[in-house]
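Summary of the model geometry
What follows is each chain in one-letter form.
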Amino acid sequence: MKLNRSLFVTIKFSTWSLTPSKLEGVVKTSSFGLSSTLSPRLGVLRTGYGRRPLVKKGTPLGYPMAQIDTGVEQGLDNLRQQIDTALEEMIASRIDSGEVVELSGRVLLAGGKRLRPIMMCLSYEIAGGRDLSKIMPLAMAFEFLHTATLVHDDINDGATHRRGIPTIHETAGLSKAIIAGDWLFVQGYALGGQYNQDIVTNIANCCSSIAVSEFSQIDHIQNLKTSPEDYISIVKGKTAGPFASGCRSAGIVAEATQEQLTALEEFGNEIGIAYQLVDDLLDLLGDEQIGKPRGTDVHEGKMTLPLIHSLTLSHGKDRDRLAEIINNFDDELFDELIQLLEKSDSFNYTKILINNHFERAINHLNAFPKSNAKLLLENVAEYATTRKL
């Protein structure tokens, strides 16, 4: 689907502030004047990483990424800056608690794309929400929870770097990394806990599905019998679930209709699947600019869709060799692996699936009228499914 970018969009987002009454001792925020809350220790965290623009132009994965109107890009950047500021203020309010906050804050503020909270804020707006202060704590909650899963994922995967910087367990040890991940989870639950029971249950179910999918992924390490259905089941719980849960939760805050809530959930689910498929391709076709060495997933024994597809279609000597490479992978075998995946057309197959899930996601937004927020959300969806990090 080709998005219409003829509309020049300018967005003005109002500032907001959290009400700390329900989160006393966990969240303390001020106005957006960071000078009154920014401690020297937080300043060190921010100086090292800074902020990167959400939208990066290019032609990743063979898809021509349409030029994004200046107004659209500015609107997304404004929203991301509000989210970044909110996260920074929360870390600032706790930085004097010690090393656990410093370590957790370092990974939280290390320049993530903020796709989930951005999509949540825009989902809230297209569903009729007007006051960003009502959705921002929830958007922050999902970002804290997401970051917690990254910390624990890095431990499980033995990863040495995340977003181009050393992982917590590499710099501070395994025990402190586990606790830092737990601290991030606690903050996320505290932020989400101020909402109604439907949303709290939604968050709990989402986190539970992540854990179930993590176990399933571990069980499928170097499992050459992993089916596409196994793969999709893992992706829906681990990657797509937080997108779907976040978008639906945002709709609940905006008091959307049941039809709209379903549309937002399905939109998030489709984008989440496409997002993971892009990750699979970037692992094989990308470079170290994406924040991790090429072939990391293969080294870790993860059965990504290109591998599963190629194993399904390859026969005889080709399949035997592919299985041998997967089970005994090292960097010297990378070029041969790529040749086998190209021979089975697994890259093009994955790209087709990415586009299919993207189109389905956009179609789900037909449940909402045209608006600036909807155009922004469509652009975020396209970025998430055609990105080159």
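In short, a report on the structure. (Residues numbered from 1 in each chain as written. Predicted model: local features only at pLDDT ≥ 70, side-chain atom pairs only at ≥ 80, totals over all residues. Heavy atoms only, no water.)

**Structural notes on the overall build of the chain**
We count it as follows: By definition, any uninterrupted DSSP run of H or I lasting at least four residues is a helix, any uninterrupted run of E lasting at least two residues is a strand, and each is numbered from the N terminus. When accessible area is computed with a 1.4 Å probe and restricted to protein chains, residues below 20% of their type maximum are described as buried, those above 50% as exposed, and intermediate ones as partly exposed. Contacts are residue-level and defined by heavy atoms, with any inter-residue pair within 4.5 Å sufficient. Residue-level accessible areas treat just the shown protein chains as cover; the underlying method is Shrake-Rupley with a 1.4 Å probe.
What the chain contains, in helices and strands, is 16 helices and 2 strands. Relative to its full complement of 389 residues, the chain shows a buried share of 57%. In the chain, of all internal contacts separated by at least 6 residues, the share reaching a separation of at least 24 is 76%. For the chain, the accessible surface area stands at approximately 16600 Å², while carbon and sulfur atoms represent 50% of it.

**So, the nonpolar core**
Considering soluble globular proteins, one finds that nonpolar side chains tend to be buried as a cluster. As a reminder, the rule being used: Put simply, buried Ala, Val, Leu, Ile, Met, Phe, Trp, Tyr and Cys residues joined by side-chain atoms within 4.5 Å make one nonpolar core.
Ranked by size, the top nonpolar core spans 73 residues in total, and within it L122, L138, F144 and F267 carry the most contacts. Per element, the largest residue contribution to this core is 11 residues, and it comes from helix α5 (residues 136-157). Formed by 29 residues, the second largest nonpolar core is a distinct cluster that contains L282, L337, F347 and L353.

**Overview of the packing of aromatic side chains**
Note the following rule: For Phe, Tyr and Trp, rings pair up if their centres lie within 6.5 Å, where Trp contributes its six-membered ring, and each pair is then called stacked (planes under 30 degrees apart), edge-to-face (over 60) or tilted (otherwise). Two thresholds decide whether a charge sits over a ring: the Lys NZ or Arg CZ must be within 6 Å of the ring centre and within 35 degrees of the ring normal.
By the definition in use, this model includes 3 aromatic pairs. Lying over the aromatic face of Y275, R116 brings its terminal NZ or CZ to 5.7 Å of the ring centre.

**Quick look at the pattern of salt bridges**
Selection rule: Salt bridge criterion: a side-chain nitrogen from Lys or Arg within 4 Å of a carboxyl oxygen from Asp or Glu.
Enumeration over the complete set of coordinates arrives at 14 salt bridges. Measuring nitrogen to oxygen at the nearest pair gives 3.2 Å for the salt bridge that ties K302 to E300. Grouping residues by exposure puts K302 and E300 together as buried. Note that D318 is salt-bridged to K343, the shortest N-O span being 2.7 Å. Highlighted residues: D318 in helix α13 (residues 316-327) and K343 in helix α14 (residues 334-343), separated in sequence by 25 residues.

**Concerning the environment of I178**
Relative to the helices and strands, I178 resides in helix α7 (residues 174-192). Each C-alpha atom of the pair I178 and I155 lies 7.9 Å from the other, and the pair is 23 residues apart in sequence. The residues contacting I178, other than those within four sequence positions of it, are H152 and I155.

**Remarks on unusual backbone geometry**
A positive phi angle, close to 60 degrees, is found at R114, a residue other than glycine. Take R114: it is sitting in the loop between α3 (99-108) and α4 (115-126). Residue classification places R114 among the buried residues on the basis of a relative accessible area of 3%. Look at D345: it is not a glycine, yet its phi comes out positive at around 60 degrees. Here D345 lies in the loop between α14 and α15 (346-364).

**Some thoughts on α14**
Note the threshold: The arc in question is the one traced by the directions running from the helix axis out to the C-beta atoms.
Taken together, the buried positions of α14 are occupied by F334, L337, I338, L340 and L341. Seen along its axis, α14 keeps its buried residues to an arc of 160 degrees; they face one direction. Of the exposed residues in α14, the ones pointing more than 90 degrees away from its buried face are D335, Q339 and K343. Those residues of α14 hidden inside the fold are in contact with α10 (258-285), α11 (296-299), α12 (305-313), α13 and α15. D345, located one to two residues past α14, shows a positive phi value of around 60 degrees.

**Notes on the packing of α4 against α10**
We count it as follows: For helices, the fitted axis covers only the stretch in contact; all axes are lines through C-alpha atoms, and the angles between them, taken along N-to-C directions, range from 0 to 180 degrees. When an angle is under 35 degrees it counts as roughly parallel; over 145 it counts as roughly antiparallel; between 65 and 115 it counts as roughly perpendicular; any other value is oblique. Handedness of each helix crossing follows the sense of rotation of the near helix against the far helix: counterclockwise by less than a right angle gives left-handed, clockwise gives right-handed. As a working rule, the residues Ala, Val, Leu, Ile, Met, Phe, Trp, Tyr, Cys and Pro are called nonpolar, Asp, Glu, Lys and Arg charged, and the rest polar, with Gly in that last group.
Two elements in contact, α4 and α10, have axes separated by 12 Å at closest approach and are oriented at 155 degrees. For the element pair α4 / α10, the angle class is roughly antiparallel. Regarding α4 and α10, the two cross each other, and that crossing is right-handed. Together, L115, R116, M119, S123 and I126 of α4 and L264, F267, I271 and Y275 of α10 make up the contact between the two elements. Split into classes, the residues belonging to the contact of α4 with α10 amount to 7 nonpolar, 1 polar and 1 charged.

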